Amino acid sequence: KLAHRLRSDVEQAVRGFSRYHRYASGADLRADARRMAALVLHAWNERDPGSRTKWIAELVRASDEFQSTLQTAKDVHAFASFNQFEVIATLSDSLGRQIGGWRKQQHPKGQNAAASVPPQRVQILSTCAACQQAMP
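Presented here is a report on the structure given in the accompanying data block. Since we're looking at a predicted model, the values are computed, not measured.

**Describing the packing of helix H1 (residues 2-15) against helix H5 (residues 82-106)**
Okay, so step 1: The contact between H1 and H5 brings their axes to 10 Å, and the two run at 160°. Between H1 and H5, the angle falls in the class roughly antiparallel. Remark: the crossing between H1 and H5 carries left-handed chirality. On H5, the residues that touch Leu-2, Ala-3, Arg-5, Leu-6, Asp-9, Val-10, Gln-12 and Ala-13 of H1 are Gln-84, Val-87, Ile-88, Leu-91, Ser-92, Ser-94, Leu-95 and Gln-98.
Okay, so step 2: In the contact of H1 with H5, the residues fall into nine nonpolar, five polar and two charged.

Written out as structure tokens, the structure is:
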């Protein structure tokens, strides 16, 4: 849903760009938003974990590229208002957080990574049989 909303908000914003920015920065923003929406669909629908990891890695790159393009469009004053930029930047940030969550699910790291592996039972050595085997 976020990718779809981001794409539609970018389309609305680019409509308000001046002619120069519409065909320069606006075209790049539209292409990046379209690519991200497509990659989200691929990653979401993929069932094979190996392929899903590949799509998510590609999605991370696309998200970084989009944010860079968005920042460039802001720097050249392509947006009609700062509010328009802020809405798109907030959506992009939220989508980036979701992508990061997907990525963490694929590669658990940190102190909670070992918690997902069930601990093995400790071998009990204090039984009578263990004492007899140790001392013949």
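**A word on H5**
Okay, so step 1: Between its first and last C-alpha atoms H5 spans 36 Å; for 25 residues at 1.5 Å apiece the expected length is 36 Å, and the two agree.
Okay, so step 2: Listing the buried residues of H5 in full gives Phe-85, Ile-88, Leu-91, Ser-92, Leu-95, Ile-99 and Trp-102.

**Details of the side chain of Ser-92**
Okay, so step 1: Looking at the secondary structure, you find Ser-92 in helix H5.
Okay, so step 2: For Ser-92, a relative accessible area of 1% corresponds to the buried category.
Okay, so step 3: Side chain to side chain, Ser-92 and Gln-67 meet in a polar contact 3.0 Å long.
Okay, so step 4: Ignoring any residue separated from it by four or fewer positions in sequence, one finds Ser-92 in contact with Leu-6, Phe-66 and Gln-67.

Procedures and definitions
- Residues numbered from 1 in each chain as written.
- Predicted model: local features only at pLDDT ≥ 70, side-chain atom pairs only at ≥ 80, totals over all residues.
- Heavy atoms only, no water.
- Axes fitted to C-alpha atoms, helices over the stretch in contact; angles between N-to-C directions.
- Helix = DSSP H or I, 4+ residues; strand = E, 2+ residues; numbered from the N terminus.
- Parallel < 35°, antiparallel > 145°, perpendicular 65-115°, else oblique.
- Left-handed = near helix turned anticlockwise from the far one by under 90°.
- Contact = heavy atoms within 4.5 Å.
- Nonpolar A, V, L, I, M, F, W, Y, C, P; charged D, E, K, R; others polar.
- Expected span 1.5 Å × (residues − 1).
- Buried < 20%, exposed > 50% of the residue type's maximum accessible area, 1.4 Å probe, protein only.
- Polar contact = N/O pair within 3.5 Å; in protein donor to acceptor, adjacent residues only side chain to side chain.

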